[in-house]
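Breakdown of the fold
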Amino acid sequence: MNERKLHVALHDVAPKHLARAKRAEKLLASLGVEKATFLAVPDFHHEGRSDLAEPFVEWCRGPHPLEIEWALHGYFHVEENAPAGGSARERFDRAWMTGGEGEFLALPAAEAETRLREGVRVHESIFGAAPAHFVPPAWLWHEDLPRALAAAGIRSFEAHKGLCVVGPDGGQEWLLAPVISWATRTLARRIGSLYVCPALAFLWRETRLLRVALHPFDFDWSSTQASIEKLLKAQLETREQVSLAEALDPLVRAPSRS
Ligand SMILES: [Zn+2]
């Protein structure tokens, strides 16, 4: 059994990106990716509820050329009314880690819970089941998020540093697992990613679980897509693919969760 695992995710799956998501899944299947987590946004940038967009819903329900686990990814995927000030970490994350999309970065428990419950409803109406996993946009989260997730019945989430299983009272059990993702927001970031992503893959070659996260805009750039293909091909030769449920398995089994 291969001790080194690979988890692949596609972020920002919403009607706006339907054509890109279709291209992404085709590419993943052609590379031999057999399982991936797709992150669905209930109302991406206020452009309309995903469950009301018929072609999108039809595609979500399948069939698909690979095994897909669906997770909830924010609600609007945009941060509004960002508080002035906030902690130093918040200010840093807001300035450097996202282009205004850290929706859950400063949301306190009550507001986060309301938005999560709405998200669960939209998710259920598309997939016929509640999401088990949540990914805050740009992986940015407020310390109240675990409690809000527990209240909304969602049992795990993830951040830059790894995956976290949430206990009934909001307790956290972390599995540290680095993530590689390509940036395309600016020319400098796009070019930089072509060098940084392979370097990170080399740096993290021995890590037990490596996450690779793709975004719809990656597929607008042939150089980014070529970089993704090369990196994934190499990872698939040396790592065993795992679904999210399989990646979380060691945490779910952990007896110490509180
Ligand atoms: Zn996202």
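Residues numbered from 1 in each chain as written. Predicted model: local features only at pLDDT ≥ 70, side-chain atom pairs only at ≥ 80, totals over all residues.

**Let's talk about the overall build of the chain**
Using the following cut-off: In this description a helix means any DSSP run of H or I spanning at least four residues, a strand means any run of E spanning at least two, and both kinds are numbered starting from the N terminus. Once C-beta atoms are placed from the backbone, each residue is buried if 20 or more other C-beta atoms lie within 10 Å of its own, exposed if 12 or fewer, and partly exposed for counts between those two. Throughout, a pair of residues is in contact if the C-beta atoms placed from their backbones lie within 7 Å.
Scanning the chain from N- to C-terminus turns up 8 helices and 10 strands. Counting all 258 residues of the chain, 38% fall into the buried class. When contacts within the chain are restricted to residue pairs at least 6 apart in sequence, those whose partners lie at least 24 apart make up 73%.

**Regarding unusual backbone geometry**
Cis geometry marks the peptide bond from G62 to P63; its omega dihedral reads 10°. Structurally, P63 can be placed in the loop between helix 2 (54–60) and strand 3 (67–72). Even without being a glycine, D12 presents a positive backbone phi close to 60°. As for its position among the elements, D12 is in strand 1 (residues 5–13). With 23 C-beta atoms counted inside 10 Å, the residue D12 sits in the buried group. Of note, the phi angle at A138 is positive, near 60°, even though the residue is not glycine. With respect to the helices and strands, the residue A138 is situated in the loop between strand 4 (133–134) and helix 5 (145–152). Judged by the 23 C-beta atoms lying within 10 Å of it, A138 is buried.

**Overview of the environment of A129**
Note that A129 resides in the loop between helix 4 (109–127) and strand 4. Accessibility expressed as a C-beta count within 10 Å gives 10 for A129, which makes it exposed.

**A closer look at the nonpolar core**
Note the following rule: By our criterion, buried Ala, Val, Leu, Ile, Met, Phe, Trp, Tyr and Cys residues that link up through C-beta atoms within 7 Å make up a nonpolar core.
Formed by 56 residues in total, the largest nonpolar core has its most connected members in L10, V13, L39, L116, F134 and L149. A per-element tally of this core places strand 1 first, with 5 residues. Residue contacts for V13: discarding those within four places in its chain leaves A21, F38, L39, A40 and V41.

**Describing helix 6 (residues 187–203)**
Convention followed: Expected span, for any helix, means 1.5 Å times one less than how many residues it has. By definition, a residue's bend is the angle between the axes fitted to the seven residues ending there and the seven starting there.
Helix length check: helix 6, at 17 residues, gives a terminal C-alpha distance of 24 Å against a target of 24 Å (1.5 Å per residue), a fit within 8%. Within helix 6, the axis deviates most sharply at S193, by approximately 35°. S193, C197 and A201 are the residues of helix 6 that are buried. As for helix 6, its buried residues are in contact with strand 8 (179–181) and helix 7 (222–238).

**Some points on the confidence of the model for the chain**
Cut-off, in case you're wondering: By definition, pLDDT measures how confident the predictor is in each residue, and it falls between 0 and 100.
Taken over all residues, the pLDDT of the chain has a mean of 90, while the share at 70 or more is 90%. The least confident element of the chain, judged by mean pLDDT, is helix 3 (residues 88–96) at 62; the most confident is helix 2 at 98.

**Let's talk about helix 7**
One turn of the α-helix equals 3.6 residues, which is why residues spaced by three or four share an orientation. The condition that has to hold: Each direction from the helix axis to a C-beta atom contributes to the arc, which is the arc of those directions.
The terminal C-alpha atoms of helix 7 lie 25 Å apart, and with 17 residues this matches the ideal 24 Å at 1.5 Å per residue to within 8%. Along helix 7, the residues classified as buried are T224, S227, I228, L232 and Q235. In a view along the axis of helix 7, the buried residues occupy a sector of 125°, so they form one face of it. Counted as exposed and oriented over 90 degrees from the buried face of helix 7: S222, A226, K233 and E237. Buried-residue contacts for helix 7 involve strand 1, helix 1 (18–31), helix 6 and strand 9 (209–214).

**Overview of the pairing of strand 6 (residues 162–166)**
Keep this limit in mind: Should DSSP find at least two bridges between two strands, the strands are taken to pair.
Counted residue by residue, strand 6 has 4 buried out of 5 residues, so it is predominantly covered. Alignment of strand 5 (residues 156–159) against strand 6, held across 4 bridges, turns out to be antiparallel. When the sheet's bridge partners are listed, S156 is paired in strand 6 with V165. Where strand 6 lies against strand 7 (residues 172–176), 5 bridges are found, and the strand directions are antiparallel. Note that in strand 7 the partner of V165 across the bridge is E173.

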